[in-house]
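One-letter residues, chain by chain:
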Amino acid sequence: MVAIAKNDELKRVIDEEGNVVKGARPPDIADEELRKIYRTLVQVRVVDERMMRLQRQGRLGFYMQSTGEEATHLAVAALRPSDWVFPSYREPGAAFYRGYELEQFIAQLYGNAADPIKGRQMPVHHSMNWINYVSISSPVGTQIPQATGMAMAAKIQGKDDVAIVYFGEGATSTGEFHVGANFAGVFKAPVIFLCRNNGWAISTSADRQTAAKTFASKAVGYGMPGIRVDGNDVLALYQATADAAERARAGDGPTFIEALTYRVHGHSSSDDPSVYRDPDEPKRWQQADPLARFQRYLGKKKLWTPEWEEALRTEFDQAITVAHDKVANLPPPDVETLFDDVFEELPSHLREQKEWLMAQPRTKSPHYFH
Amino acid sequence: MPSMTYREALNQALAEEMERDPTVYLMGEEVGHYQGAYKVSQGLLARFGEKRVIDAPIAECGFAGIGVGSAMVGLRPVIEFMTWNFSLVAIDQIVNNAAKIRQMSGGQFAIPIVFRGPSGAAAQVGAQHSQALESYYVHIPGLKVVAPSTPADAKGLLKASIRDDNPVVFMENETLYSTQGEVPAGEHLVPLGRGDVKRVGTHCTIVAWGKAVHTGLAAAKLLAAEGIELEVVDPRTLRPLDEELIFESVKKTGRLVVVQESWPVASFGVDIAYRVQRACMDELDAPVEVVSSADVPMPYARNLELEVLPSADDVVAAVRRALYLV
């Protein structure tokens, strides 16, 4: 158990060299589980590289990379499968860890016939009820009160499930953050607020979001503990999340975790960070790379070897190729599905629209003009 | 049949549905210990306890979002807005989330939620308390919109709305809470999408919902003295809309006046006028009239407020235009 740090202290378990820091004890995690966590970190890195290449080739319309922030995804490793994830949009590792398949992931990016959400949302906005991972919403902060709502529902239903909600430091400026945190505090809802402070909200730097000394200090106002964790230290995140879940299940309410990390690339494929930040800044991050650090730790425990690394990367590379080949060229969603799921049942006016549409020739003309 | 107020009918619907289904809960400002700002939730806290009748901190976007999140995992929340005017600070949760999550998730997540509270003007409560916002919400695919005009409809529609697996915007009216009417006891359900003819007539059709139904009925009384018989059709739900009932009536009378408390521009009444002219062109004997509120934010002064709201006299004048009696 890591000693709970004071608000402005940073909780760490391992340092950049992969050594256990003085006074900390690594969480009790089985070797196989440690390897699974590392596998998932590598998977995110490899998937991101490949998908970004597809985006730059013009095959994908949009993509968001997680480079630098992968460790935060693995907070879910400290939770039960029945706990709920309320993602922001940069947590594919949390989904992969829970078994989201590459084929499904890639089909969602293409929005085609194999997309689990039927081509309804833009790339990266996944939705997986089957692994308790809710639909990603584009408006920033919108998922925060919903996570509190899930947590309150668990209490009403007499279940001991918890919710983890991911959001960036920019989202703490929204009203939704305030109400979500406030309700959670008032009702002692079993929810974990994982604030990923990656320094940037698109081009707006973190110091433009608050005058408070730390984001974690906001927790005080909501009557919950706020802790700061080295967000590039996957073991520190695991421990902080496990502790928060334990508190939540014991009926002691929510916890706010500020994970300090860094967004190495742009906000999305549509963003060019070189116009607003020092191009050398990402280089300084190399030191803190969460993968390298955890790799060194595992190496010292004889759980990682360069051969395994090579095998893992090859495995994911091949798996991506296989999955991509299988789904990338599938047809788009059936036009017939256009009116489905707006309501539980198909209302008469939509049935009429559908009949009319299906009788028309399929349009080839674009709705935008350059 | 027992007689009760619109308020009591809503209360009965809530109590019966909470009794019937343990996943139903009520949340909002003042719904518990205060028994509801308009006493709609009278007695529910004592009966169902604090886990199911939840006094929320004052933040509409908070409890709207709480409701959405809890609906995703299997509860059936009833979220009370003290007035629909305040729903505007929660509109991201209603429009971007409740209305869209089923579709955006490819059908994985249902949001069986009811957002309810009074809509429209009361008496001298100014611009930010007097808005009839049905046209805002009826615009959004994925939402159902309900506006009962009588105690019986209030009960039957609220029960049906709570059982519906779609998000429902349920618009009551402050000036109707104390109105009295007969309400069937026990299991009384009014299916969403089925309208009701509140008065049978032959000369002109009035389509109105919520409080405006009573404006239409008042106009009918005035005109009956002259031998003009209005047929008052209350669709009761705006989405889904019982178009057939409206078209049937218009085909019979050949004339239509829509009465709404909405502002006129891009409003639901105008949408009905569009639908009717497409479906009933051959039977229409006059252009469709739409009587709305004046296109201004509601003033406080009593005399000005009266000029803004659609009145029975405004309806009479519109009927006369439709009958070429001017």
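Reading the values: the criteria
- Residues numbered from 1 in each chain as written.
- Chains lettered and ligands numbered in written order.
- Predicted model: local features only at pLDDT ≥ 70, side-chain atom pairs only at ≥ 80, totals over all residues.
- Heavy atoms only, no water.
- Helix = DSSP H or I, 4+ residues; strand = E, 2+ residues; numbered from the N terminus.
- Rg over C-alpha atoms; globule rule 2.2 N^0.38 Å.
- Buried < 20%, exposed > 50% of the residue type's maximum accessible area, 1.4 Å probe, protein only.
- Contact = heavy atoms within 4.5 Å.
- Areas by Shrake-Rupley, 256 points an atom, 1.4 Å probe, with all protein chains shown as cover.
- Lys, Arg positive; Asp, Glu negative; His and termini not counted.
- Charge placed at Lys NZ, Arg CZ, Asp CG, Glu CD.
- Phe/Tyr/Trp six-rings, centres within 6.5 Å; stacked < 30°, edge-to-face > 60°.
- Lys NZ or Arg CZ within 6 Å of the ring centre and 35° of its normal.
- Domains from an automatic or database assignment.
- Salt bridge = Lys/Arg side-chain N within 4 Å of Asp/Glu carboxyl O.
- Polar contact = N/O pair within 3.5 Å; in protein donor to acceptor, adjacent residues only side chain to side chain.
- Nonpolar A, V, L, I, M, F, W, Y, C, P; charged D, E, K, R; others polar.
- Pairing = 2+ DSSP bridges.
- Right-handed = clockwise from strand over helix to strand, strands pointing away.
- Buried area = accessible area lost by both parts, 1.4 Å probe.

**What to know about the overall build of chain A**
Summing up its helical and strand segments, chain A has 12 helices and 8 strands in all. Computed over C-alpha atoms, the radius of gyration of chain A comes to 21 Å, within 12% of the 21 Å expected from 2.2 N^0.38 for 370 residues, which places it in the range of a compact globule. C-alpha atoms of chain A, sized along the principal axes, occupy 70 × 50 × 40 Å. Out of the 370 residues belonging to chain A, those deemed buried represent 58%. Looking at chain A alone, contacts between residues at least 24 apart form 73% of all its contacts between residues at least 6 apart. By element, 51% of the accessible surface of chain A is carried by carbon and sulfur atoms, the whole surface being about 15,700 Å². In chain A, which carries 43 positive and 49 negative side-chain charges, the distance between the mean positions of the two groups comes to 3 Å.

**Focus: the packing of aromatic side chains**
Under the criterion given, the structure shown has 21 aromatic pairs over all chains. Taken together, a centroid distance of 6.2 Å and an interplanar angle of 50° make the contact between A:Tyr100 and A:Trp130 tilted. Here A:Tyr100 is found in the loop between α3 (92–97) and α4 (102–110), whereas its partner A:Trp130 is found in the loop between α4 and α5 (143–157), with 30 residues between them in sequence. Judged by its relative accessible area of 42%, A:Trp130 falls in the partly exposed class. Seen in terms of ring centroids, B:Trp209 and B:Phe268 are 5.6 Å apart; in terms of plane orientation they differ by 70°. Their pairing is edge-to-face. With B:Trp209 in the loop between β10 (204–208) and α8 (211–224) and B:Phe268 in helix α10 (residues 268–279), this residue pair connects regions lying 59 residues apart in the sequence. One aromatic cluster is present, formed by A:Phe167, A:Phe177, A:Phe193, A:Tyr222 and A:Phe256 through successive ring pairs. A cation over a ring is seen here: A:Arg35 above A:Trp308, with NZ or CZ 4.2 Å from the ring centre. The ring centre of A:Tyr97 lies 4.0 Å from the NZ or CZ of A:Lys36, which sits over that ring.

**Structural notes on the domain arrangement of chain B**
Residue and element names in this part refer to chain B. Its domain assignment divides chain B into domain 1 (3–182) and domain 2 (196–322). The C-alpha-based centres of domain 1 and domain 2 are spaced at 26 Å. Between domain 1 and domain 2, the residue contacts involve 30 residues of the former and 25 residues of the latter. Between domain 1 and domain 2 we count 2 salt bridges in total. With its nearest N and O atoms 2.6 Å apart, the salt bridge here joins lysine 198 to aspartate 153. At the junction of domain 1 with domain 2, the criterion picks out 16 residue pairs in polar contact (both at pLDDT 80 or more). When residues of the side of domain 1 that touches domain 2 are traced back to their parent elements, those giving at least two are α6 (134–138), β6 (144–146) and α7 (151–163). Looking at the side of domain 1 that touches domain 2 residue by residue, the classes come out as 16 nonpolar, 11 polar and 3 charged.

**Topic: the pairing of strand β8 (residues 255–260) of chain A**
Residue and element names in this part refer to chain A. Counted residue by residue, β8 has 5 buried out of 6 residues, so it is predominantly covered. Pairing between strand β4 (residues 191–197) and β8: 6 bridges, direction parallel. Along β8, the bridge assignment pairs cysteine 195 with glutamate 258. Examined bridge by bridge, strand β7 (residues 226–230) and β8 share 5 bridges and lie parallel to one another. Among the inter-strand pairings, glycine 226 is bridged to a residue of β8, identified as phenylalanine 256. The β-α-β motif built from β7, the intervening helix α8 (residues 234–249) and the parallel element β8 has right-handed crossover chirality.

**Describing the interface of chain B and chain A**
Each side of the interface is counted separately: chain B has 40 residues, and chain A has 40 residues. Together chain B and chain A conceal approximately 3,300 Å² of surface at their shared face, both sides included; 63% is due to carbon and sulfur atoms. Seen at the junction of chain B and chain A, the total is 1 salt bridge. In this structure, the salt-bridge partner of B:Lys144 is A:Glu345, at a minimum N-O distance of 2.8 Å.

**Topic: the pattern of salt bridges**
Taken as a whole, this structure holds 48 salt bridges over all chains when the rule is applied. Linking A:Arg45 and A:Asp289 is a salt bridge whose minimum nitrogen-to-oxygen distance equals 2.9 Å. Remark: A:Asp289 occurs in the loop between α9 (281–285) and α10 (290–300) and A:Arg45 occurs in helix α1 (residues 31–56); sequence separation between them is 244 residues. Each member of the pair, A:Arg45 as well as A:Asp289, carries the same accessibility label: buried. Its salt-bridge partner being B:Glu187, residue B:Lys159 comes within 3.7 Å of it at the nearest N-O pair. Within this pair, whereas B:Lys159 is found in helix α7, its partner B:Glu187 is found in the loop between β8 (180–182) and β9 (196–199), the two being separated by 28 residues in sequence. A relative accessible area of 1% places B:Lys159 in the buried class. Owing to a relative accessible area of 55%, B:Glu187 belongs among the exposed residues under this scheme. Here the salt bridges share partners, and the residues they tie into one network are B:Glu16, B:Glu17, B:Arg20, B:Lys155, B:Lys159, B:Arg163 and B:Glu187.

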